[in-house]
Every structure is written in structure tokens, then in C-alpha cells.
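Breakdown of the fold
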Amino acid sequence: MAWEELLSTEEVYIEILQNVYNMINISKDTDYNRTVSVTQLSYTMLNEKLLGNWFELLSFHKKRLLPSLAMCNGNAKMIKYWASVVAPYLIDLYTTYCSLYAKASQLCAYLDRISCKQISLLHGDKETHEMPKGYQNSTRLFKCHLSTPVRRIQCYHLLFERLKTEAHISDIKYLDDVRKIFNKICATLDITMNLRSLNVRPSKLGYFLLEGDFAITQSVESIKSKKRSHVILFSKMLLITKPYSSSSSSSSTPSLKTYLSERKSCQKYFPSLEDYIAFFEFSHNTSLNSSKIVYEVEDELCIS
């Protein structure tokens, strides 16, 4: 039945989150106060950069979302109330996760490229600077599951659609509302993950409605003028932003430097973590995802 599928897939998702978290944080052959030589970060700090808010996702789904969903016991009216309650938390948690996703992916790629030979050539001390094999395996596992939370948040509306097909006719309207809520969550996340300089939690914006360039009348020193601005409308707030492509950021300079350095024949050279990430951002944004827009928020207007 669809209800059992909804609960069982949530349990599987939580189990994956827990296993990956344990693999990254609990490793018998890793001294977490030790520094990873090339990054100059301790394993503890490296884990924080890798995991982002992974633990917060795990805690919310394990301690709040699943228990409260199970308490609904298939009651459509209660499920609708449940969805309206968890929606703001999901928007905040997954906005943060999606915003950090690219950085975590870059860091995984960077760690994957650190070979024992390169580190020993750089430092002349293979025993001290080699990453434990267990930790390397853990980061590779984490990389494989990086997209798991993204896929999960996108599949809820499908699960509730299946539940609706098995529901009594009197419950269909409630479950359709639940499906719409999760569709709105996903549409909102597509925008909020690309917002910068936001002063409120993403959930305070409400659900995403529309965006576009609009002419905004401004009064400056008694002279009225019209300015074309990019505006994003949510159900609770209106954002006036200036769109810019992240590929045009200042990271292009160190990126080019790293790109040239990596082509050198000098075997002792290995790019720093900052240079590598800058290079990754430059090449990724210009070559693979040039259409991605990041929005810098200039003004936030509440809708009363």
C-alpha cells in the first residue's frame, strides 16, 4: 500500500543519512585532531565542511518528521496539517543543503585527487601525511550519496500522488493539497538556494510565486524615475534583486592561476584547497552550468 511505502521509504532515507554520517564521523583509524596536510585542516574541520547541515537533516527527519507522520496513521486531514507544519522546516533545511551542495561536491573531488605519491613528493613524509584509507573510502561513500537528500525532497509529491489514488473519495482533496504543498516546496527551493544576502530565514518568504524584470517607479530628490529591477515574488515577501552570473565572480583570477599551475611539469606542485575550489567554480560555471543565476538581494518588502 502507498501509506506503507511512504513510511518505509522514509525509514530507508533516514538509515542512509545515519550510515553516511557515521562513516564520516566514526572511523577507528582516523585521528580527528590531525591535520590533512594539503588542506591544512583538521579532520574535524574537514568533516564540517563536507557534511554541512547533514546532521540537522538527519535529526529532523528521524526525530520529528517521521514520528509525526506515523502518528497521522493514514488520516488525510491530519496529513495535510502535518505537511503545513513541516513545510517551513523543510524549506530552511534544504535551502541550506542545496546551497552547500556544490562546495561539498568540490571538496570531495579535491580529496579524491590527493594521491599518496603527490603528498609524499610535496612533504617528503608519506607516513605523516597520507590520508587513512578508511577516511578515503568514507568520503567516496559520501560523494555517492550527496544527491540523496535532493532526490528525496523531490519525490514526496509523487508518493502522496500514489496515496491519493488509493484514498477514499472524501480524502482526495486533502491529499491533493498535500501534493501541492510539496510541489510548492520544491519550486521555492529552486529559487531560495540561489539567494545571497538574505536577512531572514527562507521559510519567512513563504512559497515562491513568480519572478522577472519589472519597471519600478522610484522617487529620488523629488524626481520620479523608473528603474528596471529583477523582482522575485513570494507569498509573504517581495525581493528586489540584482541578478548576476556566479561565473563572473572574482574567482576567475586564482582559477586561471591554478589552471596554469596544474599544467606545469613540476611534480611537487599541488594546488591549495582554496585555489582548487576557485578553479572548480570557474570551470564549472563557465563550461558546465553557465545558465545558473545567483541572486543578490538588495531589498526585502513584506506583503501585508
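Residues numbered from 1 in each chain as written. Predicted model: local features only at pLDDT ≥ 70, side-chain atom pairs only at ≥ 80, totals over all residues. Heavy atoms only, no water.

- An unreviewed UniProt entry annotates the chain as DH domain-containing protein of Trichobilharzia regenti.

1. Here's the deal with the packing of aromatic side chains
- By the definition in use, this model includes 10 aromatic pairs.
- Considering the side-chain rings of W54 and Y97, the 6.0 Å spacing of their centres and the 55 degrees angle between planes classify their relative orientation as tilted. Highlighted residues: W54 in helix α3 (residues 54-72) and Y97 in helix α4 (residues 76-113), separated in sequence by 43 residues. Both residues of the pair, W54 and Y97, count as buried.
- Both rings, one in W82 and one in F160, keep their centres 6.0 Å apart while their planes meet at 50 degrees; by these two values the pair is tilted. Placement of the pair is W82 in helix α4 and F160 in helix α8 (residues 148-165), with a sequence separation of 78 residues. Of the two residues, W82 and F160, neither departs from the other in class, the shared state being buried.
- Taken together, the ring pairs connect W54, Y97, Y101 and F142 into an aromatic cluster.
- Taking the ring centre of Y89 as reference, the NZ or CZ of R64 above it sits at 4.6 Å. (Phe/Tyr/Trp six-rings, centres within 6.5 Å; stacked < 30°, edge-to-face > 60°. Helix = DSSP H or I, 4+ residues; strand = E, 2+ residues; numbered from the N terminus. Buried < 20%, exposed > 50% of the residue type's maximum accessible area, 1.4 Å probe, protein only. Lys NZ or Arg CZ within 6 Å of the ring centre and 35° of its normal.)

2. Focus: unusual backbone geometry
- You will see that N73, though not glycine, has its phi angle at about 55 degrees, which is positive.
- Residue N73 is classed as exposed on the basis of its relative accessible area of 62%.
- Backbone geometry at S197 places phi at a positive 65 degrees, although glycine is not the residue there.
- When you line up the elements, S197 lands in the loop between β3 (195-196) and β4 (208-220).

3. Side note on the nonpolar core
- Counting 49 residues, the largest nonpolar core has I79, W82, L90, F142, F160, F182 and I185 as its most contacted members.
- Per-element accounting of this core gives the leading share, 16 residues, to α4.
- Residues within four places of W82 in sequence aside, it is in contact with L65, S68, L69, C72, F160 and F182.
- Core analysis: the next-biggest nonpolar cluster, separate from the first, contains 9 residues, I191, I232, F234 and M237 among them. (Core = buried A, V, L, I, M, F, W, Y, C linked by side-chain atoms within 4.5 Å. Contact = heavy atoms within 4.5 Å.)

4. As for the pattern of salt bridges
- In total, this model carries 10 salt bridges according to the counting rule given.
- D92 is the salt-bridge partner of R201, the closest N and O atoms lying 3.3 Å from each other. With R201 in the loop between β3 and β4 and D92 in helix α4, this residue pair connects regions lying 109 residues apart in the sequence.
- Assessed through its relative accessible area of 49%, R201 is described here as partly exposed.
- The structure contains a network of salt bridges with shared partners spanning E161, K164, D176, R179 and K180. (Salt bridge = Lys/Arg side-chain N within 4 Å of Asp/Glu carboxyl O.)

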